[in-house]
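# Per-entry structural report
Given next are the chains, with one letter for each unit.
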Amino acid sequence: MQAKGTLSINTENIFPIIKKFLYSDHEIFLRELVSNAVDACQKLKSLSSLGEYTGELGELKVNVSVDKEAKTITISDNGIGMTAEEIDKYINQIAFSGANEFVQKYQDKITDARNQIIGNFGLGFYSAFMVSRKVELDTKSYQDAPAAKWICEGSTEFSIEGSEKKERGTAITLHVAEDSEEFLDSNRLKDILKKYARFLPVSIEIEGEKINETQPIWTRQPSELKDEDYLKFYKELYPFSEDPLFWIHLNVDYPFNLTGILYFPKVKNNIEQQNNKIQLYSRQVFITDEVKDIVPQFLMLLHGVIDSPDIPLNVSRSYLQADGNVKKINNYITKKVADKLNELFKENRTSFEEKWDSIGLFVKYGMITDEKFYEKAERFCLLKSTKSKYYTLEEYKNYVQVNQTDKNGNLVLLYTSDAEKQYTYIDSAQKRGYDVLVLEGMLDNHFGEMLERKLEKTQVRRVDSEVVDKLIQKEETQTSVLSQEESDKVVELFKKVIKNDKVTVEVQAMPLDEMPVLITLPEYIRRMQEMSKVQGWAWALNENTFNVSINGNHDLIQKILKETDETVQAKFAQHLYDLAQLSQGILSGASLSEFVNRSINYLK
Ligand code: ADP
């Protein structure tokens, strides 16, 4: 049989366009051709199981080989094959039916069009021309029909002729173009295969080495898998990682098709490094590890694999965001994660608490950014007290209800963002029987604000934002032993020492065990400062804006008042102020050195 013809195509320019549009991802040709070969094997398998093919299946496989001398790459399979008529139908015509329209539509959108071609116009096979000057397709159908050979040299001309091919299947030989000779390196091809074909369902071999796992665990039933299987798979994906905390096996077929495994990693400080680790597959073909729009933002730290033929893979991001399936998938994943967390919490609270430091980050981020997730997470979100006890929101509210309300009946939740630095303040709160939460994570600032919004009649205050007795006003308020005149005198004295107009100084009646001088930073100012840091604003208020509270009831304050030598008095006030700064961790440089020297002199 010998035939010649012209491709059904409305434009002469399709090959230059393929080259140009597909430019940045040349290696994709291999993904496309190997996927086609795998499809051909899968099709034959289906026909066989339907009884439409009764011959030997043999071991279905795809082989990739390179001939450096001849400058060719061959991708062969023993799948379904094609008859000459099928070549005409599938290779010569179909692909280009929409080409003219395509060219007009996408001329101006080169960046995204690259992928569009492949996905939407069935140009997978033609991606071969990204790297070839000539392509030969030698094929023998599973049906009783003569083998056929199709040859095309990168123009609209092709030839089709009889072939000597004896075995069933298709071999595609690429005569690699001069500018693509980098692909004549079998190691390079191996790398590409390992990236895209690692989990394809049919054996892929190159130089006798099988590079894929045909039944990756996400395609299997959870009931037949053990923890070891999941852990082993995790190690395969991320060889140098610590074991994950737990995982979720996803498996839906309606209203969309999605399988996969999501792992919760142990979160380290370096969030960036852990981000963007989920791999996206479509029927076991690797597509991308950019899953930004498919996985909810707050779950981007998860690791693992998602496989869905229903995600439109080859379209622009804005389209993806608007896509109905993507939204549903997003919601599904959110729900699954919430359900899993709830289940873990209910099944074994102790173990959940142990993992909370790692899990908490996801949960808090999810609650802050996703209303639906908040509603579910409310039940298992934990608050950690400085006494290392964990409470649910409900439990904590009930716990502090008794003792921690202000004069307006608001609940006051105290927290520390740094238990070491704020030790003095925590200690003082605890002595009064108040509880202090640990909110020292990177999201906790926002988390605190969220709690305040969500929990009714609740204020969230850092433990050093105000003298604790003022935050939580008890019935029996302290009375000051100082007269108004004495108070004014003390304030005057300390103002001289502090030498900073931005700082407010006031005398307060505090219990005796409180520090003589205490520095506090009002909650709202601190929040603004933190916000400005995050958003990179130039901070409008002076960094030194804080309050100095003097404990009018403290013996040492009264001692200062009695002192007649003004120099000694000033020195003494300075020392107390330095101690307050030291407790806040803001005494440094020359002031610190002066303080140390002064202390030594006192001891002498
Ligand atoms: P798509 O795969 O998106 O349909 P392609 O251009 O990649 O578009 O392939 C067109 C058609 O050619 C395929 O649908 C299939 O019928 C046929 N084909 C391609 N490669 C092979 C192969 N290795 N074996 C059998 N048929 C193939």
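In what follows, the structure referred to is the one given above.
Nothing here was measured: the structure is a model prediction, and the numbers come from that model.

Moving on, we get to the side chain of threonine 74. Within the secondary structure layout, threonine 74 lies in strand S3 (residues 72–77). Taking the relative accessible area as the measure of exposure, threonine 74 reaches 18% and is therefore buried. In this structure the side chain of threonine 74 is engaged in a polar contact, spanning 3.4 Å, whose partner is the side chain of threonine 173. Those residues within four positions of threonine 74 in sequence are excluded, and the remaining contacts are Asn63, Val64, Ser65, Ala171, Ile172 and Thr173.

As a packed pair, helix H17 (residues 484–498) and helix H20 (residues 566–584) sit with axes 9 Å apart at the nearest point and diverge in direction by 75°. With respect to their mutual orientation, H17 and H20 come out roughly perpendicular. Contacts between H17 and H20 involve Leu493, Phe494, Val497 and Ile498 on the former and, on the latter, Gln569, Ala570, Ala573, Gln574, Leu576 and Tyr577.

Proximity of charged atoms lets side chains of opposite charge pair with each other. All told, the structure shown has 29 salt bridges when counted by the stated rule. Note that aspartate 427 is salt-bridged to lysine 431, the shortest N-O span being 3.2 Å. Pair noted here: aspartate 427 and lysine 431 are both in helix H14 (residues 423–431), with a separation of four residues, about one helical turn. Among the ionic pairs, aspartate 578 bridges to arginine 598, the shortest N-O distance being 3.0 Å. Here the residue aspartate 578 occupies a position in helix H20, and arginine 598 occupies one in helix H21 (residues 589–603), the gap between them amounting to 20 residues. The pair formed by aspartate 578 and arginine 598 is uniform in burial state, with each residue classed as buried.

Moving on: the nonpolar core. Counting residues in hydrophobic clusters, the biggest one holds 67 residues, and the most contacted among them are Phe29, Val34, Ile73, Ile75, Trp150 and Leu174. Of all the elements, helix H2 (residues 28–49) adds the most residues to this core, at 11 residues. Split by domain, this core shows at least three residues from each of two domains, domain 1 (12–210) and domain 2 (217–347). In contact with isoleucine 73, not counting residues within four places along its chain, are Phe29, Val64, Ser65, Val66, Ile172, Thr173, Leu174, Val176, Phe183, Leu184 and Leu189. Residues Val252, Ile311, Tyr332 and Phe345 belong to the second largest nonpolar core, which totals 60 residues.

Analysis parameters
Residues numbered from 1 in each chain as written. Predicted model: local features only at pLDDT ≥ 70, side-chain atom pairs only at ≥ 80, totals over all residues. Heavy atoms only, no water. Helix = DSSP H or I, 4+ residues; strand = E, 2+ residues; numbered from the N terminus. Buried < 20%, exposed > 50% of the residue type's maximum accessible area, 1.4 Å probe, protein only. Polar contact = N/O pair within 3.5 Å; in protein donor to acceptor, adjacent residues only side chain to side chain. Contact = heavy atoms within 4.5 Å. Axes fitted to C-alpha atoms, helices over the stretch in contact; angles between N-to-C directions. Parallel < 35°, antiparallel > 145°, perpendicular 65-115°, else oblique. Salt bridge = Lys/Arg side-chain N within 4 Å of Asp/Glu carboxyl O. Core = buried A, V, L, I, M, F, W, Y, C linked by side-chain atoms within 4.5 Å. Domains from an automatic or database assignment.

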